[in-house]
Amino acid sequence: MTNADEDIIHSVSIGSGEMKRQPSWSDINSLIGRIETLEQEREDEHIRLVNASDGVSAADDIDDFKDNHVTSTDPPTLRRRTSSRRGILARLMKRRQDHFDEEIEEVDHKFDDFEFPDSTFTFLITEPILSSPFVMGCATYAMCLTCLVLALKNELDNGTDDNPYGIAEVTRNVRATQFLGIIVGVLMDDEIPTGLELIGMGLEQNKDGDKQYSMGRIFFSSLLRISIGMMFLTCLFFVVIQESNVLDIFFDVLALEFVENIDDVIYVLCRRGFFSRRLKIAANQDNVIQCSSDSVARRIRKWSKRVIRFVYFSVMFVMCAGLSVIAHNQPTGEYGCTSIVVQFGDEVWEDAWVTLDSQCSVDSDCNANQKCFQGNSHENPFCHEKRLLIFSHFNGLYTFNGIEAERPKYVEMNKEKGDPYKSTTPAGIKYCDEIKSWVFFHRNIQTSLDSKASNECQWLLRSEETEDFDLVELSTGFWRLWDGKIVDDYRIDIDCAECSSDSDCNYMGTCVDEPGYGLDQKCECFDGRFGIFCQFEYPCDVIRSEKDPNTTLNIVKDLDQDGDSITFVAVYSRPIYAARMQGKPYSLMRNGYQGQEEQYFAVEYPVNASVAVAPHKHNEPDQYDDDDFFEINNQSVAFQQLMKNYTFLLRYTGSRWYGQINDPNLSSNSFKEEEYHAFWMNSFSGTGQEDNSTLIISEATTMAHPAGVDFFEMRRRNKVFEGGVFDYDYSQYGVLIPLVAHAGAGFFHCNIPSE
């Protein structure tokens, strides 16, 4: 290098030489010109070496051309001579290339002294320990770290037992934004690369320079920087995976970046003298590391840059890889409840169009009061009829069944063990993209036979408009119910059916992994407890009637136990009680036996007893015209024969207990509880005559057994009675006649063995 180059590279001394000025624009332009000259010389040398090097003549060039086309038939001596020339030429070109690279790198390296960044972390290197600037640097670090720790704690607190990191289920748009948020956040972070660069510059600093900086303090300051950067990236990752809104992701990234840059903000305030004169002087000093120009320093510089690039891309790769794993698991319902327990209220819809199993071509192919209709989910037309839709009949367990509209879809499970139905068509809960709401639906229940008048997604219940994925949280808000019109402010109860600890089992069972269908973890109840969360005590084996202690119903035992610990037949997580009977069941009705005082039954006669029969009492044991249940059914010979020998069943249907007259051959072996469904088994539809097996009905209750629950006898509960001499508009359950005189007394009671 020439003396002119040295003059350009070195700084110009001012005064005593203690203060150095930065190169002027003329110095920089001269250096750029020198670099361009070296580049041009390297190009010229490259061309010269290609054409002729170390005595190779033009004639040899021709030979070289021929040598380049040597074939396998050429003499071995000629091939060796050609290979030797090529090797010499390659070594010469590499030596010359290295020489020029070193000259350019040396010029660049000598010019690139490192100036400390404008940050309070610089005070930890340049200022005396325990000085006010040093203390300010430590305080700023503590403030920044505290803010990031609090932010991280807030994100971790969003987790649940099932989802400890609070990972959100998101749409594809939000998922793409999450990746962009990670990339932008990593690029915005400058604490980690600056800390690594400071360490590299400290190792490069010129030992003979005017000012030496302690390598230990450089390491200390840099490690604090790197710790802030790592905490920033950790917070960034948790913020991104928990957000489900595009703008919220970018806002959170910007907020975290602001917290990370608190040290820069405070440094600027110090420079402007907002805190003290001492801090202002410290912030306005020019602190520069003078880098050495030897080969060791150049190698450190080269490796320092490589390490910084490696760390940058490694952090980005690791964070994106983690987000990719999460994105892969999100569509499988990994971070939400795979099973939920749904509890609808006692509301009903009286005119629901239900698809039957009978195919048809015209209405005449169907029974009376039925219509032939193809529907939206069937290829062929089927008969449809109107029924009383009691929403509580669809209470129970619903399990994750794939993705629809980028959100989980849940399907109804059977009412026994929570396994899939085999022949019964289940209901479902899904997200309807048309109305941006979650909906409850059944593909065999139509809101209208006019496709233009049908509800979107054939919804029977819908949430408010939302983009949320969490059904458990949405259940706390208001829903809308369809009963021929929209009913607002309807509430349902949805809980996650999975346990994460024994506390979810009410400490009456153990939370265990469940490898089977639906639940990831379930409660294994202790002896004497049952229910999804072990919330129920075992029911009594025998219950008796309030009216006649001698009339008892026995719990239906489950002999094979279905592989579980429950020793009784259960539907809707409740037992079934049965009794073999014959004749009119007086002891299970309000009237009581003949000869008992009427005052006990609170009988009220009309003004003119010859016009109407008192609705609270049956006249004679063999007279049915005062009771629509027996009046309708007794018209058939089959019912007359059934009354001579039948099974009286008491079973739960989602929110009420139904007392029904059934076939006498029904037993625990013949009853298929795994396919039982109160709606599809016509427990009570209120429209036809064939479903009138229900004689008594309880109040709405969640109790595990019928003991202590108030019951009612049902009258005028069928649309068959809407006409005639007395034309009344009865409620969906008809007229409910209390079986006991006082509310809360209960009609059935446990029969203690000692009694």
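Above this text is the structure in question.
Residues numbered from 1 in each chain as written. Predicted model: local features only at pLDDT ≥ 70, side-chain atom pairs only at ≥ 80, totals over all residues. Heavy atoms only, no water.

A count of helices and strands for the chain gives 16 helices and 32 strands. Evaluated residue by residue, the chain yields a buried proportion of 46% over its 755 residues. Carbon and sulfur atoms form 53% of the exposed surface of the chain, whose accessible area is close to 38000 Å². (Helix = DSSP H or I, 4+ residues; strand = E, 2+ residues; numbered from the N terminus. Buried < 20%, exposed > 50% of the residue type's maximum accessible area, 1.4 Å probe, protein only. Areas by Shrake-Rupley, 256 points an atom, 1.4 Å probe, with all protein chains shown as cover.)

On to the sheet that holds strand β6 (residues 348-359), then. With respect to topology, four strands assemble into an open sheet ordered β7-β8-β6-β13, the strand pairing being antiparallel. On the outer flanks of this sheet lie β7 (370-373) and β13 (445-446), each paired with one strand and no other. Sheet topology places β6 next to β13; two bridges connect them, and they run antiparallel. Bridging across to β13, Trp353 finds its partner in Gln446. (Pairing = 2+ DSSP bridges.)

On to unusual backbone geometry. Within the chain, Leu130 stands out as a residue other than glycine whose phi angle is a positive 75 degrees. Located in the positive-phi region is Gln458, a residue other than glycine, with phi close to 55 degrees. The residue Gln458 is located in the loop between β13 and β14 (461-463) in this model. Take Gln458: its relative accessible area is 10%, and that puts it in the buried class.

Residues Leu180, Val246 and Phe250 make up a contiguous nonpolar surface patch of roughly 220 Å² in combined accessible area. Assignment of secondary structure puts Val246 in helix α10 (residues 246-260). Using a relative accessible area of 30% as the deciding quantity, one classes Val246 as partly exposed. (Patch = residues over 30% accessible without salt bridge, like charges linked within 9 Å, V, L, I, M, F, W, Y side chains within 5 Å. Salt bridge = Lys/Arg side-chain N within 4 Å of Asp/Glu carboxyl O.)

Counting across every chain of the model gives three cavities of 30 Å³ or more. In terms of lining, the largest cavity is formed by Val186, Asp189, Ile192, Pro193, Leu196, Leu233, Ile308, Val311, Tyr312 and Val315. Mapped onto the lining of the largest cavity, the elements with two or more residues apiece are α8 (191-204) and α13 (295-329). Looking at the lining of the largest cavity, the element that brings in the most residues is α13, giving four residues. The class makeup of the residues in the lining of the largest cavity is nine nonpolar, no polar and one charged. (1 Å grid on protein atoms, 1.4 Å probe; cavity = no way out; pocket = protein on both sides within 12 Å on 5 of 7 lines; lining within 4 Å. Points joined across faces, edges and corners; volume = space filled by probe spheres on them. Nonpolar A, V, L, I, M, F, W, Y, C, P; charged D, E, K, R; others polar.)

To continue, consider the pattern of salt bridges. Scanning the entire structure with this criterion turns up 15 salt bridges. The partner of Glu127 in a salt bridge is Arg278, with the nearest N and O atoms 2.8 Å apart. Taken together, the residues span a long stretch of sequence, with Glu127 in the loop between α5 (123-126) and α6 (132-156) and Arg278 in helix α12 (residues 277-283) at a distance of 151 residues. In this structure, the salt-bridge partner of Asp157 is Lys153, at a minimum N-O distance of 3.0 Å. Note on Lys153: relative accessible area 48%, which makes it partly exposed. Residues joined by salt bridges that share partners form a network here, namely Glu404, Lys409 and Lys430.

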